[in-house]
Amino acid sequence: MTVEIINSVIAQGQRLATHSWEYGTFAEALLEWDNPSSSVFGNNAFPDGKIPVLQVDQTRSLSYVKPHISTNSTTLVGADGAAGDPASLGVSAILIGQTDPEFLSAADRQVQHLLSDVPRWSNGAISHRESVAELWADFVYMAPPTLAYWAVQADDVDLLNTAIEQCSLYQDVLGVPAGADSAAGLWHHIIGPQSQDLGIWSTGNAWAAAGISRVLATAKKSQFANTKKVAAGLAQIKGIIRAILDGAIALDQAEKDEPLLRNYLNDTTWFGELSGTTLLTATAYRMAQLEPRDFGHKYLAWADSKREAITERISDDGLLSPVINPLNWGDRTPGKESPEAQSFAVLMFAAYRDYSAGSSKGRD
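Student: What exactly am I supposed to notice about the overall build of the protein here?
Tutor: Within the protein one finds 13 helices and two strands. Structurally, the protein occupies a C-alpha span of about 55 × 50 × 40 Å along its principal axes. Counting the 364 residues in the protein, one finds 61% classified as buried. Here the analysis covers contacts within the protein between residues at least 6 apart in sequence; of these, 69% occur between residues at least 24 apart. With 27 positive and 42 negative side-chain charges, the protein shows a separation of 5 Å between the mean positions of the two kinds.

Student: Got a minute to help me understand the pattern of salt bridges in this structure?
Tutor: Side chains that differ in charge, positive against negative, can pair when their charged atoms come close. If you walk through the whole model with that rule in mind, you get 16 salt bridges. Between Glu291 and Lys238 there is a salt bridge, with the nearest N and O atoms lying 3.6 Å from each other. Linking Glu291 in the loop between helix H11 (274-290) and helix H12 (297-311) with Lys238 in helix H10 (residues 228-253), this pair joins segments that are 53 residues apart in sequence. Of the two residues, Glu291 and Lys238, both sit in the buried class. In this structure, Arg262 engages Glu255 in a salt bridge whose closest nitrogen and oxygen atoms are separated by 2.5 Å. For Glu255, a relative accessible area of 21% corresponds to the partly exposed category.

Student: Any chance you could explain the layout of surface pockets here in plain terms?
Tutor: Over the atoms, a rolling probe the size of a water molecule traces out where space has been left empty. Put simply, the largest pocket is a space of about 320 Å³. His19, Trp21, Asp85, Trp136 and Leu327 are, among the 21 residues lining the largest pocket, the residues nearest its centre. The greatest single-element share of the lining of the largest pocket, amounting to three residues, is contributed by helix H2 (residues 20-34). Classifying every residue of the lining of the largest pocket gives eleven nonpolar, five polar and five charged. Of the voids in this model, the second largest pocket is the one considered here, and its volume is about 220 Å³. Taken together, Met1, Thr2, Val3, Ile6, Trp33, Arg307, Thr311, Phe349, Tyr352 and Arg353 form the lining of the second largest pocket. Only helix H1 (3-16), H12 and helix H13 (339-357) provide two or more residues apiece to the lining of the second largest pocket.

Student: Can you walk me through the packing of helix H4 (residues 90-97) against helix H7 (residues 144-154) in this structure?
Tutor: Each pair of packed helices can be described by the angle between their axes along with the distance between the axes. The geometry of H4 relative to H7 is characterised by a closest axis approach of 8 Å and an angle of 25° between their N-to-C directions. Classified by the angle between their axes, H4 and H7 sit roughly parallel to one another. Seen from H4, the contacting residues are Gly90, Val91, Ile94 and Leu95; seen from H7, they are Pro145, Thr146, Tyr149, Trp150 and Gln153. Considered class by class, the residues forming the contact of H4 with H7 number six nonpolar, three polar and no charged.

Student: Before we go on, may I ask you to explain H2 in this structure?
Tutor: Helical geometry: 3.6 residues make up each α-helical turn, so side chains three or four residues apart lie on a common side. Its 15 residues place the ends of H2 21 Å apart at the C-alpha level, agreeing with the 21 Å of an ideal helix rising 1.5 Å per residue. Of all 15 residues making up H2, 15 are buried, and the element is well covered by its neighbours.

Student: What is the right way to look at the nonpolar core in this model?
Tutor: As a rule of thumb, nonpolar side chains are buried together in soluble globular proteins. Trp187, Ile237, Leu280 and Leu320 are the most contacted members of the largest nonpolar core, which totals 130 residues. The element best represented in this core is helix H9 (residues 202-221), accounting for ten residues.

Student: What exactly am I supposed to notice about empty space enclosed by the protein here?
Tutor: Under the defined criterion, the tally for this structure stands at three cavities of 30 Å³ or more. Here the largest cavity defines a volume of roughly 80 Å³. Around the largest cavity, the lining residues are Glu32, Phe41, Tyr141, Ala210, Ser213, Arg214, Leu279, Ala282, Thr283, Arg286 and Leu347. The element best represented in the lining of the largest cavity is H11, accounting for four residues. Looking at side-chain class alone, the lining of the largest cavity contains six nonpolar, two polar and three charged residues. By volume, the second largest cavity amounts to about 60 Å³. For the second largest cavity, the full set of lining residues is Glu28, Leu31, Ser38, Ser39, Val40, Val91, Pro145, Tyr149, Arg214 and Thr218. At the level of secondary structure, the elements contributing two or more residues to the lining of the second largest cavity comprise H2, H7 and H9. In terms of residue class, the lining of the second largest cavity is made up of five nonpolar, three polar and two charged.

Student: Explain H7 here, please?
Tutor: The buried fraction of H7 is high, at nine of eleven residues. In the segment just after H7, Asp155 is the residue with positive phi, at about 55°.

Student: Could you clarify how one ought to interpret the packing of aromatic side chains in this entry?
Tutor: One pair of aromatic rings is described through two measures. These are the centre distance and the angle between the planes. One pass over the full model with this rule turns up twelve aromatic pairs. Between the aromatic rings of Phe139 and Tyr170, the centroid separation amounts to 4.7 Å while the plane-to-plane angle is 0°, which identifies the pairing as stacked. Of this pair, Phe139 sits in helix H6 (residues 139-142) while Tyr170 sits in helix H8 (residues 157-174), and the two are 31 residues apart along the sequence. By relative accessible area, which is 0% here, Phe139 ends up buried. With 5.4 Å between their ring centres and 45° between their planes, Tyr264 and Trp270 make a pair best called tilted. The same class applies to Tyr264 as to Trp270, namely buried. Taken together, Trp136, Trp201 and Trp329 form an aromatic cluster joined through their ring pairs.

Student: Looking at this structure, how should I read unusual backbone geometry?
Tutor: Excluding glycine, most residues fall at negative phi; most peptide bonds, likewise, are trans. In this structure, Pro322 follows Ser321 across a cis peptide bond, with omega equal to 10°. Mapped onto the elements, Pro322 comes out in the loop between H12 and H13. Of note, the phi angle at Asp155 is positive, near 55°, even though the residue is not glycine. Along the chain, the position of Asp155 falls in the loop between H7 and H8.

Rules of the game
- Residues numbered from 1 in each chain as written.
- Predicted model: local features only at pLDDT ≥ 70, side-chain atom pairs only at ≥ 80, totals over all residues.
- Heavy atoms only, no water.
- Helix = DSSP H or I, 4+ residues; strand = E, 2+ residues; numbered from the N terminus.
- Buried < 20%, exposed > 50% of the residue type's maximum accessible area, 1.4 Å probe, protein only.
- Contact = heavy atoms within 4.5 Å.
- Lys, Arg positive; Asp, Glu negative; His and termini not counted.
- Charge placed at Lys NZ, Arg CZ, Asp CG, Glu CD.
- Salt bridge = Lys/Arg side-chain N within 4 Å of Asp/Glu carboxyl O.
- 1 Å grid on protein atoms, 1.4 Å probe; cavity = no way out; pocket = protein on both sides within 12 Å on 5 of 7 lines; lining within 4 Å.
- Points joined across faces, edges and corners; volume = space filled by probe spheres on them.
- Nonpolar A, V, L, I, M, F, W, Y, C, P; charged D, E, K, R; others polar.
- Axes fitted to C-alpha atoms, helices over the stretch in contact; angles between N-to-C directions.
- Parallel < 35°, antiparallel > 145°, perpendicular 65-115°, else oblique.
- Expected span 1.5 Å × (residues − 1).
- Core = buried A, V, L, I, M, F, W, Y, C linked by side-chain atoms within 4.5 Å.
- Phe/Tyr/Trp six-rings, centres within 6.5 Å; stacked < 30°, edge-to-face > 60°.

Structure representation (C-alpha cells):
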C-alpha cells in the first residue's frame, strides 16, 4: 500500500467524519499514524511517567480535533444522548491540555461526568446512554481508554483499575459464554431497554477488542504496571481480547470463500464488510506487538490474510467498500462510504507498520 493511497484514505476519513465518535476515532488514528512513539502503543508513551507534551500546531491529530472539543460544557462534545461517545475525544483533550489548561479541565469534567453522573448497569458498568442504563460494545473504545489515560495524568491507580474493570464488567454482560454453541467469546452488540441488539455485530466486537487493547497498552506503559491489582486485571482483559479474536477467526476460517468478516459474524446471510474486519485486523497486530508470546503465528497469519483482502478493496481515491452503514447496522445494502472504516484502515496500517518495525519509531 503506497503512501499516496494511505494519504487518500486519511483525506476521505477527514471528509466523512461528522459525529462525536468519528472525530475521536479519526484523531486517534492520526496520532497512531503520525506520532507513533507518543501513542499508548509507542516506545515513549509516558516519558518519565507523564503524558507526552506535543505542540498542537505541529501535531496533525491535535490540530484536527481541537476545534471539535468543547471547553465550556460537562462533556467534550454534544452526542445526541450518548454518554460514551464524547469520551472518545478524551485522549486528545488530555494531550492538548498539556499546553492549554482549558482542555485539561474539560477532560477532567468529562471523566468525572462518566464516573459520577451517568447511569450504571446492575453490575456497575457505566452506561453508553445518558438517560438509561444500556451497554453498547462501542462504549469500550470510547470511554475506558480515556479513563485509563486520565489515570496516568492524575497519578491515580484506583482510576486505572476502574478503567480495566469497566472492560470486564462490559464483557460480563455482553460476552457470549465460553461454552456456547455459537459465537463463544464474542460479544452481543447492545443490551438494554432502548436499542437492544443481541446480534454478534462485527464492528461492535472490533470496537470492544480495540478499546481494550488501548487500555492494556496504557496500563502496561504506565507507572502502575507492576502493581498487583493492575497486573491481575491486565491478565483478565488480555483474555477477553483473545476470546474475541479467536471467535472471529474461527467463524472466518469456516468460510473459505468469503475473505471478509460478515457484518453479523455468525450469520452467513449478511455480506462480508470492511469496517469490522479492518479494526479486528488492526487489533491482532497491536496484540502481537504488545503480547507476542500470547498472540503469535495464528493471529499474525490471519491478520496478514485479512490485510491483503482489505487493501485489495481500497479504491484509488482512498475509499473502503463494501462497508456497513455505521448509522444503521441492520442495513442490508453494502455501503460505499464509512468514516469509521477510513479511520480503521489508518489504525490497521499504523499497527502493521509498528509491528513490522519491531518498534514504534515509525515516522516520528
